[in-house]
Amino acid sequence: DTEVTQTPKHLVMGMTNKKSLKCEQHMGHRAMYWYKQKAKKPPELMFVYSYEKLSINESVPSRFSPECPNSSLLNLHLHALQPEDSALYLCASSQDLSGLASYEQYFGPGTRLTVT
Amino acid sequence: AQKITQTQPGMFVQEKEAVTLDCTYDTSDQSYGLFWYKQPSSGEMIFLIYQGSYDEQNATEGRYSLNFQKARKSANLVISASQLGDSAMYFCAMRFDTGGFKTIFGAGTRLFVKA
């Protein structure tokens, strides 16, 4: 099973709402990632978890709060978002972070978020 | 600073012909990995091929090959025998040892395959 799943596929939320994005993988990967992708742009790294601990936070605003409850699950909690946060949010996983940077990332299908 | 450059915003290719998508990179790291991903309109990023900085031979995966020229810091993707299903956005990416193995992506090239 080389699949990363993400729910929901689409999400529309108001600026005062609280919502969560969910990502799951069952490949035994120990590194998981959140990316944000605006239309016609490349993905931008937001967070990296390694062995369930936050490894990288790319200076993301606190209205985005990641959580890694276990090695298979990654959540992104959203609160008080702005319309400019509307984007495709991609989750990815890789074997781990060690080695010669050779471990490819497997991506999920993404969640298309619209903030109204 | 680490950087990936894709200079072709859009490319057209006739079905069954080969096409080369350009990618140049800049890094002071000795150890790094280069990746190509395909992103169809559905949004999912699909891993295509990997080349390590210490690999002496060019990587190949089916119809995909990577033309790696380390001295020129280029890692071009060659797609042979193009198919209509190859129409998508293609991203070149680099992962490097420093900075916690972050991955950075180029701006992408939109490939259109014509019947």
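Bear in mind that the values here come from a model prediction, so they are computed numbers and not experimental data.

Reading the values: rules and limits
- Residues numbered from 1 in each chain as written.
- Chains lettered and ligands numbered in written order.
- Predicted model: local features only at pLDDT ≥ 70, side-chain atom pairs only at ≥ 80, totals over all residues.
- Heavy atoms only, no water.
- Contact = heavy atoms within 4.5 Å.
- Buried area = accessible area lost by both parts, 1.4 Å probe.
- Salt bridge = Lys/Arg side-chain N within 4 Å of Asp/Glu carboxyl O.
- Polar contact = N/O pair within 3.5 Å; in protein donor to acceptor, adjacent residues only side chain to side chain.
- Helix = DSSP H or I, 4+ residues; strand = E, 2+ residues; numbered from the N terminus.
- Disulfide = S-S within 2.5 Å.
- Buried < 20%, exposed > 50% of the residue type's maximum accessible area, 1.4 Å probe, protein only.
- 1 Å grid on protein atoms, 1.4 Å probe; cavity = no way out; pocket = protein on both sides within 12 Å on 5 of 7 lines; lining within 4 Å.
- Points joined across faces, edges and corners; volume = space filled by probe spheres on them.
- Phe/Tyr/Trp six-rings, centres within 6.5 Å; stacked < 30°, edge-to-face > 60°.
- Lys NZ or Arg CZ within 6 Å of the ring centre and 35° of its normal.
- Core = buried A, V, L, I, M, F, W, Y, C linked by side-chain atoms within 4.5 Å.

Attention now goes to the interface of chain A and chain B. Facing 26 residues of chain A, the contacting portion of chain B comprises 26 residues. Here chain A packs against chain B, burying approximately 1900 Å² in sum over the two surfaces, 57% of which is carbon and sulfur. Seen at the junction of chain A and chain B, the total is zero salt bridges. Where chain A meets chain B, there are four residue pairs in polar contact (both at pLDDT 80 or more). Taken together, the elements giving at least two residues each to the side of chain A that touches chain B come down to β4 (31-37) and β9 (87-94) of chain A.

Attention now goes to the state of the cysteines. Residues and elements named next belong to chain A. This structure, assessed with the given rule, holds two disulfides over all chains. Between cysteine 23 and cysteine 91 runs a disulfide, and the two sulfur atoms are separated by 1.8 Å. Because the torsion about its S-S bond is -70°, the bridge between cysteine 23 and cysteine 91 counts as left-handed. Placement of the pair is cysteine 23 in strand β3 (residues 18-25) and cysteine 91 in strand β9, with a sequence separation of 68 residues. There is no split in this pair, since cysteine 23 and cysteine 91 are both buried. No disulfide involves cysteine 68; its nearest neighbouring cysteine sulfur is the one of cysteine 23, lying 9.2 Å away. By relative accessible area, which is 13% here, cysteine 68 ends up buried.

Residue and element names in this part refer to chain A. All told, the structure shown has one cavity of 30 Å³ or more when counted by the stated rule. By volume, the largest cavity is sized at about 40 Å³. Taken together, His29, Arg30, Ala31, Met32, Tyr49, Ser50, Tyr51, Glu52, Cys68 and Ser71 make up the full set of residues lining the largest cavity. Among the elements of the structure, β4 and β5 (44-50) are those that each provide at least two residues to the lining of the largest cavity.

Turning next to the environment of Gly106(B). Assignment of secondary structure puts Gly106(B) in the loop between β11 (103-105) and β12 (109-114). When the C-alpha atoms of Gly106(B) and Asn67(B) are compared, they prove to be 17 Å apart, with 39 residues separating the residues in sequence.

Once that is clear, we can look at the packing of aromatic side chains. Following the criterion strictly, the structure yields 14 aromatic pairs over all chains and no others. Measuring from centroid to centroid gives 5.4 Å for Phe107(A) and Tyr37(B), while their planes differ by 85°, and the two rings are edge-to-face. Note that Phe107(A) is positioned in strand β10 (residues 106-107) and Tyr37(B) in strand β5 (residues 32-39), a pairing that runs across two chains. Residue Tyr37(B) is classed as buried on the basis of its relative accessible area of 1%. Seen from their ring centres, Phe35(B) and Phe47(B) are 6.3 Å apart, and the 65° between their planes marks the pair as edge-to-face. With Phe35(B) in strand β5 and Phe47(B) in strand β6 (residues 46-52), this residue pair connects regions lying twelve residues apart in the sequence. The positively charged end of Arg63(B) is found above the aromatic ring belonging to Tyr64(B), 5.7 Å away from the centroid.

Once that is clear, we can look at the nonpolar core. Grouped together as the largest cluster of nonpolar side chains are 26 residues, with contacts concentrated most on Leu21(B), Leu34(B), Trp36(B), Ile49(B), Leu77(B), Tyr90(B) and Leu111(B). Looking at this core, the elements with two or more residues in it are β2 (10-14), β3 (19-21), β5, β6, β8 (64-69), β9 (74-79), β10 (88-96) and β12 of chain B. Ignoring anything within four residues of it in the chain, the contact list for Leu34(B) reads Ile4(B), Tyr25(B), Ile49(B), Tyr50(B), Gln51(B), Phe68(B), Ala75(B), Ala93(B) and Met94(B). Formed by 23 residues, the second largest nonpolar core is a distinct cluster that contains Val4(A), Tyr49(A), Leu76(A) and Ala87(A).

Let's shift gears to the pattern of salt bridges. Once their charged atoms are close, side chains differing in charge can pair, the charge on each being opposite to the other. Tallied over the entire structure, the rule returns five salt bridges over all chains. The shortest N-O distance in the salt bridge between Asp85(A) and Arg63(A) comes to 2.7 Å. With Asp85(A) in the loop between β8 (73-79) and β9 and Arg63(A) in the loop between β6 (53-57) and β7 (64-70), this pair connects stretches of sequence that are 22 residues apart. Arg63(A) sits in the partly exposed class, given a relative accessible area of 24%. Asp86(B) serves as the salt-bridge partner of Arg63(B), at 2.8 Å between the closest nitrogen and oxygen. Highlighted residues: Arg63(B) in the loop between β7 (60-61) and β8 and Asp86(B) in the loop between β9 and β10, separated in sequence by 23 residues. A relative accessible area of 22% means that Arg63(B) is categorised as partly exposed.

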